[in-house]
Amino acid sequence: MREIAFDLRRNRLLMLAKTAILSVLALTCFHALTFTLSVSSALHTEFSTDSDVEMYSITDTLADPEIFSVALGDPITLTQIGRFLTEMEESQEIEFLSAFDQSVPIIDFAGDETFDYGYGTDMQTQGEYVDAAGNTVLNTKSLQMTEAVFDFYGLAVSTGEAIDWSRVDYDSKRLPVLLGASYDGIYALGDVLRADFYLEQFEFEVVGFLEERSSIYFHGDRDTYLDTTIVVPYPADSEGLATSSGEFGGILTFAMLSGDIAAPRGTSADGVLRELHTIADRSGFHDFTLLNAPAYLVQYAQISELLNQNRGLVLTLGVTMLVVGLVVIWLLSDALLARRREVLVVHALLGRPRVRLERTLARRVLTEHAAAIAATIAVASALPNRHAMLQLGVLGALVLVAWGDVRLQRAALTRTPLHETEVA
């Protein structure tokens, strides 16, 4: 013990540096591996255990009013969004279900407050009010959707007929709509509702009533009932709408970007994001996020996509960092051996056998590695991302490094003449 204490006092700076570098390398590997495993596990978490598909919600990330205003007036951005929508609709890997619950003010509304946009929610009901044009209006519950949404959820009408999406013409300012079952008796087939839709005056013609308790999955809510809702059809050509209908077309295009994505059962968020990033690369639009995937997972997937595109560079940097770390450790070990050799020569001249000197050197080297292992265990235990098997693997790697270090230093000592007879 006195020899080890003397060695610590004499070589503490070099030993501390070597221990620190060993621990940092081990902890870096441990942290990177556990983070990757934990995120990959979360990315593969399924939406539910009893559904035939995995559901994810998508929206744009242009929440800042100034940024949104700039994008809304930029034909290039609108064209990119239109193409992004079309690419999602045509994808063979996912099914894009574009739907948005923008409230619609109806002029001289015939129903009561149960149809108010805020009724039955955490929001307060606004009730009837007089708009800027002097009309008495009520902000009604409305759900704008594509034909894909209608078909995907198997929606059907109890009376009237379903919407013929091929005949939806926004330029005419007259749209066929479906009313929820609770509207039956308030309005009839063929009635026309005057609506203020995104600041544009439209006529909504009632062509049918939905079956009672019709519902869809909408932005995380598995049962969004449509009994008090007006179903407004989105246009079939979203790409053409983006640039041909002025500001209204731009607003509607952004609204259509909000929706859900259905993917085959077992598809992870990572897989959906890969498909979306492929579509984004083709369309040029990248300002989107998945709502029911944690933000850090979306960011991780984006980083992962970037890393996959630069796999060779990342691998080279990782190997280089590891090699440089090991070289520095070897140089420190060599410097420590040179300083210890001076002491060992003195012990040899005092008659200690070489085998005992080699054991003394081994104990001193193992002291450094024991300190590195202890530091690694202490820090790894405090990290939030723990993994017992990976921790054992990293500790096993440190033990192998310690064994190799002892073998190399003992081999170097063997080549060093210590006794006078060896020098002669």
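Heads up: the structure comes first, above all this text.
Calculation criteria
Residues numbered from 1 in each chain as written. Predicted model: local features only at pLDDT ≥ 70, side-chain atom pairs only at ≥ 80, totals over all residues. Heavy atoms only, no water. Patch = residues over 30% accessible without salt bridge, like charges linked within 9 Å, V, L, I, M, F, W, Y side chains within 5 Å. Areas by Shrake-Rupley, 256 points an atom, 1.4 Å probe, with all protein chains shown as cover. Salt bridge = Lys/Arg side-chain N within 4 Å of Asp/Glu carboxyl O. Helix = DSSP H or I, 4+ residues; strand = E, 2+ residues; numbered from the N terminus. Buried < 20%, exposed > 50% of the residue type's maximum accessible area, 1.4 Å probe, protein only. Pairing = 2+ DSSP bridges. 1 Å grid on protein atoms, 1.4 Å probe; cavity = no way out; pocket = protein on both sides within 12 Å on 5 of 7 lines; lining within 4 Å. Points joined across faces, edges and corners; volume = space filled by probe spheres on them. Nonpolar A, V, L, I, M, F, W, Y, C, P; charged D, E, K, R; others polar. Expected span 1.5 Å × (residues − 1). Core = buried A, V, L, I, M, F, W, Y, C linked by side-chain atoms within 4.5 Å. Contact = heavy atoms within 4.5 Å. Axes fitted to C-alpha atoms, helices over the stretch in contact; angles between N-to-C directions. Parallel < 35°, antiparallel > 145°, perpendicular 65-115°, else oblique. Phe/Tyr/Trp six-rings, centres within 6.5 Å; stacked < 30°, edge-to-face > 60°. Left-handed = near helix turned anticlockwise from the far one by under 90°. Lys, Arg positive; Asp, Glu negative; His and termini not counted. Polar contact = N/O pair within 3.5 Å; in protein donor to acceptor, adjacent residues only side chain to side chain. Charge placed at Lys NZ, Arg CZ, Asp CG, Glu CD.

## So, a nonpolar patch on the surface
Judged by side-chain polarity, Val 319, Val 323, Val 327, Trp 330, Leu 331 and Leu 408 come together as a nonpolar surface patch covering roughly 540 Å² of accessible area. In terms of residues, the nonpolar patch owes the most to one element, helix H9 (residues 311–349), which gives 5 residues. With respect to the helices and strands, the residue Leu 331 is situated in helix H9. Overall, Leu 331 belongs to the exposed group, its relative accessible area being 53%.

## A look at the pairing of strand S2 (residues 95–100)
Bridging between S2 and strand S14 (residues 259–264) involves 4 bridges; their strand directions are antiparallel. Looking across to S14, one finds that Ser 98 is bridged to Gly 259. Across 2 bridges, the pairing between S2 and strand S6 (residues 142–145) is antiparallel. Looking at the pairing, Phe 100 lines up with Gln 144 of S6.

## Side note on the pattern of salt bridges
For the structure on display, the rule yields 8 salt bridges. Arg 282 serves as the salt-bridge partner of Glu 87, at 2.8 Å between the closest nitrogen and oxygen. With a gap of 195 residues between them, Glu 87 in helix H3 (residues 75–90) and Arg 282 in helix H7 (residues 269–283) connect regions that are remote in the sequence. You can call Glu 87 buried: its relative accessible area is 9%. A salt bridge links Arg 174 to Glu 203, with the nearest nitrogen and oxygen atoms 2.6 Å apart. Here Arg 174, found in strand S8 (residues 174–179), pairs with Glu 203, found in strand S10 (residues 200–210); they are 29 residues apart in sequence, far enough to count as distant. Exposure remark for Glu 203: the relative accessible area of 33% places this residue in the partly exposed category. Three or more residues are tied together by salt bridges with common partners; here these are Lys 18, Glu 368 and Asp 405.

## Let's talk about the layout of surface pockets
Size it by volume and the second largest pocket reaches roughly 390 Å³. For the lining of the second largest pocket, the elements supplying multiple residues, two or more each, are S6 and strand S12 (221–225). Top contributing element to the lining of the second largest pocket by residue count: S12, with 4 residues. Its residues assigned to classes, the lining of the second largest pocket shows 7 nonpolar, 7 polar and 4 charged.

## Section: helix H11 (residues 388–414)
Its 27 residues give H11 an end-to-end C-alpha distance of 39 Å, which sits within 8% of 39 Å, the value for a rise of 1.5 Å per residue. Looking at H11, one finds that the buried residues are Leu 390, Gln 391, Val 394, Leu 395, Leu 398, Ala 402, Gly 404, Asp 405, Val 406, Gln 409, Ala 412 and Leu 413.

## Quick notes on unusual backbone geometry
A positive phi angle, close to 50°, is found at Asp 108, a residue other than glycine. Of note, Asp 108 is situated in the loop between strand S3 (104–107) and strand S4 (129–130). You will see that Tyr 198, though not glycine, has its phi angle at about 50°, which is positive. Here Tyr 198 lies in the loop between strand S9 (192–197) and S10.

## Here's the deal with the nonpolar core
Ranked by internal contacts, the top residues of the largest apolar core, which has 72 residues, are Phe 84, Met 88, Tyr 170, Phe 197, Phe 204 and Leu 276. Looking at this core, the element that brings in the most residues is helix H6 (residues 246–257), giving 7 residues. When near neighbours in sequence (up to four residues on either side) are disregarded, Met 88 contacts Ile 58, Ile 94, Phe 96, Leu 257, Ile 261, Leu 276 and Ile 279.

## Thoughts on the packing of helix H2 (residues 65–72) against H6
Their axes nearest at 10 Å, the elements H2 and H6 cross at an angle of 120°. It follows that H2 is oblique to H6 by the angle criterion. Between H2 and H6, the contacting residues are Phe 68, Ala 71 and Leu 72 on the first element and Glu 247, Gly 250, Ile 251 and Phe 254 on the second. Taken together, the residues that form the contact of H2 with H6 break down as 5 nonpolar, 1 polar and 1 charged.

## Observations regarding the packing of aromatic side chains
In this description, a pair of aromatic rings is defined by centroid distance and the angle of the planes. On inspection of all chains with the given rule, the structure shows 18 aromatic pairs. Ring geometry for Phe 152 against Tyr 153: centres 4.9 Å apart, planes inclined by 85°, an arrangement best described as edge-to-face. Ring plane angle 35° and centroid distance 5.4 Å describe the contact between Phe 202 and Phe 248, whose orientation is recorded as tilted. On the criterion of sequence distance, the pair formed by Phe 202 in strand S10 and Phe 248 in helix H6 is long-range, its members being 46 residues apart.

## Describing the packing of H3 against H7
In a pair of packed helices, the angle between the axes and the distance between the axes together describe the arrangement. H7 packs onto H3 with a crossing angle of 140° between their chain directions and a minimal axis gap of 9 Å. The angle between H3 and H7 places the two elements in the oblique class. Crossing geometry of H3 relative to H7 is assigned as right-handed. Mapping the contact onto sequence places Gln 80, Arg 83, Phe 84, Glu 87 and Met 88 in H3 and Leu 276, Ile 279, Ala 280, Arg 282 and Ser 283 in H7. Partitioned by chemical class, the residues of the contact of H3 with H7 number 5 nonpolar, 2 polar and 3 charged.

## Some details on the side chain of Asp 60
With respect to the element layout, Asp 60 can be found in strand S1 (residues 53–60). We note that Asp 60 is buried and unpaired, the nearest opposite charge coming from Arg 83 at a distance of 19 Å. Engagement of the side chain of Asp 60 in a polar contact is seen with the backbone nitrogen of Leu 62, the distance being 2.9 Å.

## Considering a negative patch on the surface
On the surface, a cluster of negative charge is made up of Glu 95, Glu 147, Asp 151, Glu 161 and Asp 164. Take Glu 147: it is sitting in helix H4 (residues 147–152).

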